[in-house]
Amino acid sequence: MPFPPARKMKIALSRPADGPTRLTASSLQAQLNSIGLKCPDTDVPILANDIAQVQVQIPDPANGVEAWGIYQRSSSNRTPLALAKSLGQFKTATGLVGTAVGNWVPDASGGGYATQLEFMQFPTHFEWLKNNRSTTFIGQGPRTVSQIGANATVDAIKATFVQIGISVSSVLVTGLNQRAFEAALSNAIAPMNDANAPNYDNADSTVLFLVDGYDGQGAANGIGCVTVDWHLQITDYLQKPKNAPGAGTHDWALTLSAWSFLYTDPDHFNADYVAVQSAFKTSAFFSFPPKPQLTVFPSLPPGNTDTFQKSLPVKATKGEATVLVLYAPDLQEIGSVDNRKGKGTATYSKSVTRGFTFTASQTVTTDASFEVNILVVKATFSVGFSLTFTEEWSTETTETISLEVPAGEVSFLYQGVLMASVLVFDANSNSYTYLEQARCLTPILVTSETPLIGHTTIQPPSFVEVAPGPAPMRYFYS
């Protein structure tokens, strides 16, 4: 019986038109000049030879993994912001910006892994995965090295480049493609914030999103990430006059740390991602945008990854994460006033409840707020559901509403409602299970001159014009 074919990681990439970013002698010269180094050692022919020497000293594996995204921390100033924004941006959680072009660039849907990879490579999250997910997580590192020396400044920078290359390859089973490495270091020298500082002192980092064995058709053998942090210090780093004491040499110190992971199984990848997010109780396991967008489904969707990631976070433990799936929006009648035969204004008061009506407590435990915006159409009436969920939704609250209906008019009062089902993800079995079901009573209240009867549908707000309602009603809350 033949073995089933290995599962692939789905990702959409294409080759960059101009290839990966190159580290050229002229670009390196510009970087060195930006920190005040304009000595003969920074002449283009000498730097070209320096680059060749670095390339010889770093690994160049025939089957090294390639890079489809190369990023720096937004706090780094080595890449101009305008250029950074043009290089493969995504909804970053920790403040990454593009710094170079790798072997591949993501298509419109190719960056789907970016937020997950960014979250998992974060140092504390990486360490948690190593300690708690050893059966699926195969992270390497962090491996830290320290070096000191007394050389010319350019030589110290060359040593840094070499050590970064060696360290990165040491935490990747097959090593890193040399063109990817070159692109990552194409602008690794950050200008000094203080041009008059006597010592060069810069802590920086690079994050590379990786792909292994991409077939050019939407599937790869593996995806992952490698991160390298470094801190380079060079004492009195500017060129000294030839007659000055210690001319030509400078004490330098380098501390460098690298770590990586590479997944070949999409189920393991998803299970580890959700597990580490549940452990750190992050904002809905979404990658921390300030107001993540939720999805309201027309009916109860299947319990799977897509549904989970579009739903509202409830609670998180080490091996389990829970969300509320919102679906089946509707308008329920909560009262009506027929004042067509009256001679004065009629007032109707009612206690209105909002929140989730679970029999068991379901606590929304996110520090962020989550938004949903849909257009609900019932009969000929359209109303926008615009809700922001925060922790206050954890408990039911009741308010009293008063509806005034002028003489000669009739008004039906409706409240917007949603269905909500508890969906639990078990990180150990990589499975999803639906549990309790309840209603979500919203603060959305609308009036209509006629009863709203019929099927309710969801439509995109941009394609439906809200039908004009009856004469404005006045509400008084107490």
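Quick look at the structure, then. What you see is a predicted model, and the numbers here were worked out from it, not measured in a lab.

1. Structural notes on the sheet that holds strand β9 (residues 222–234)
Part 1: Taken in spatial order, the six strands line up as β4-β3-β7-β9-β10-β6 in an open sheet, and their pairing is antiparallel. The outermost strands of the open sheet, each flanked by one partner alone, are β4 (96–100) and β6 (140–151). Neighbour-to-neighbour, the strand axes of the sheet open up by a mean angle of 25 degrees, direction not taken into account.
Part 2: Relative to strand β7 (residues 200–212), strand β3 (residues 66–73) runs antiparallel, the two sharing five bridges. Paired with glycine 69 across the strands is phenylalanine 209, a residue of β7.
Part 3: Here helix α5 (residues 123–132) sits on the sheet and contacts β6 and β10 (250–263); the angle it forms with β6, its principal contact strand, is near 130 degrees.

2. A closer look at α5
Part 1: Listed in full, the buried residues belonging to α5 are His125, Phe126, Trp128 and Leu129. All buried residues of α5 lie within an arc of 160 degrees about the axis, which places them on one face of the element.
Part 2: The secondary structure elements touched by the buried residues of α5 are α4 (114–121), β6, β10 and α8 (266–280).

3. Some thoughts on the pairing of strand β13 (residues 320–339)
Part 1: Note that strand β11 (residues 296–297) and β13 share two bridges and pair parallel. Bridged to phenylalanine 297 within β13 is tyrosine 327.

4. Observations regarding unusual backbone geometry
The general pattern is negative phi for most residues beyond glycine and trans for most peptide bonds.
Part 1: The linkage connecting glycine 141 with the following residue, proline 142, adopts the cis geometry, with an omega of 0 degrees.
Part 2: You can see proline 142 is positioned in strand β6.
Part 3: One non-glycine residue with positive phi stands out, namely alanine 328, at about 50 degrees.
Part 4: Alanine 328 sits in the partly exposed class, given a relative accessible area of 26%.

5. Here we look at the packing of helix α1 (residues 25–34) against helix α2 (residues 44–57)
Part 1: Two numbers describe how α1 lies on α2: the axes approach to 9 Å, and their chain directions differ by 105 degrees. With respect to α2, the axis of α1 lies roughly perpendicular. In contact with Ala25, Ser26, Leu28, Gln29 and Leu32 of α1, α2 contributes Val44, Leu47, Ala48 and Ile51.
Part 2: Its residues assigned to classes, the contact of α1 with α2 comprises seven nonpolar, two polar and no charged.

6. Some thoughts on the pattern of salt bridges
Part 1: Tallied over the full model, the rule gives seven salt bridges.
Part 2: In this structure, glutamate 66 engages arginine 15 in a salt bridge whose closest nitrogen and oxygen atoms are separated by 3.7 Å. Remark: arginine 15 occurs in the loop between β2 (13–14) and α1 and glutamate 66 occurs in strand β3; sequence separation between them is 51 residues.
Part 3: Between aspartate 272 and arginine 133 there is a salt bridge, with its nearest N and O atoms 2.8 Å apart. With a gap of 139 residues between them, aspartate 272 in helix α8 and arginine 133 in the loop between α5 and β6 connect regions that are remote in the sequence. For the pair aspartate 272 and arginine 133, a shared accessibility class is recorded, and that class is buried.
Part 4: Each of Asp50, Asp155 and Lys158 takes part in salt bridges that share partners, so that together they form one network.

7. Some words on the packing of aromatic side chains
Part 1: Per the stated rule, a full pass over the model turns up 14 aromatic pairs.
Part 2: Look at tryptophan 68 and phenylalanine 209: their rings are 5.3 Å apart centre to centre, the planes differ by 40 degrees, and that puts the pair in the tilted class. Taken together, the residues tryptophan 68 in strand β3 and phenylalanine 209 in strand β7 connect sequence positions 141 residues apart. Like phenylalanine 209, tryptophan 68 is buried.
Part 3: Following the ring pairs from residue to residue traces out a cluster consisting of Tyr113, Phe126, Phe137, Trp259, Phe261, Tyr263 and Phe269.
Part 4: The ring centre of tryptophan 104 lies 3.6 Å from the NZ or CZ of arginine 15, which sits over that ring.

8. With respect to helix α6 (residues 153–170)
Part 1: Spanning 18 residues, α6 covers 26 Å between terminal C-alpha atoms, matching the ideal 26 Å at 1.5 Å per step.
Part 2: Taking burial as the measure, the 18 residues of α6 include 14 buried ones, the bulk of the element.

9. Some words on the pairing of strand β14 (residues 346–356)
Part 1: Summarising the sheet, β14 and strand β17 (residues 397–405) pair through nine bridges and their orientation is antiparallel. Within the sheet, the bridge partner assigned to valine 352 lies in β17 and is glutamate 399.
Part 2: For β14 and strand β19 (residues 431–448), the ladder comprises two bridges, and the chain directions are antiparallel. Its bridge partner being in β19, glycine 355 is matched across the sheet by leucine 441.

Each value, and the rule that gives it
Residues numbered from 1 in each chain as written. Predicted model: local features only at pLDDT ≥ 70, side-chain atom pairs only at ≥ 80, totals over all residues. Heavy atoms only, no water. Pairing = 2+ DSSP bridges. Helix = DSSP H or I, 4+ residues; strand = E, 2+ residues; numbered from the N terminus. Axes fitted to C-alpha atoms, helices over the stretch in contact; angles between N-to-C directions. Contact = heavy atoms within 4.5 Å. Buried < 20%, exposed > 50% of the residue type's maximum accessible area, 1.4 Å probe, protein only. Arc of directions from axis to C-beta. Parallel < 35°, antiparallel > 145°, perpendicular 65-115°, else oblique. Nonpolar A, V, L, I, M, F, W, Y, C, P; charged D, E, K, R; others polar. Salt bridge = Lys/Arg side-chain N within 4 Å of Asp/Glu carboxyl O. Phe/Tyr/Trp six-rings, centres within 6.5 Å; stacked < 30°, edge-to-face > 60°. Lys NZ or Arg CZ within 6 Å of the ring centre and 35° of its normal. Expected span 1.5 Å × (residues − 1).

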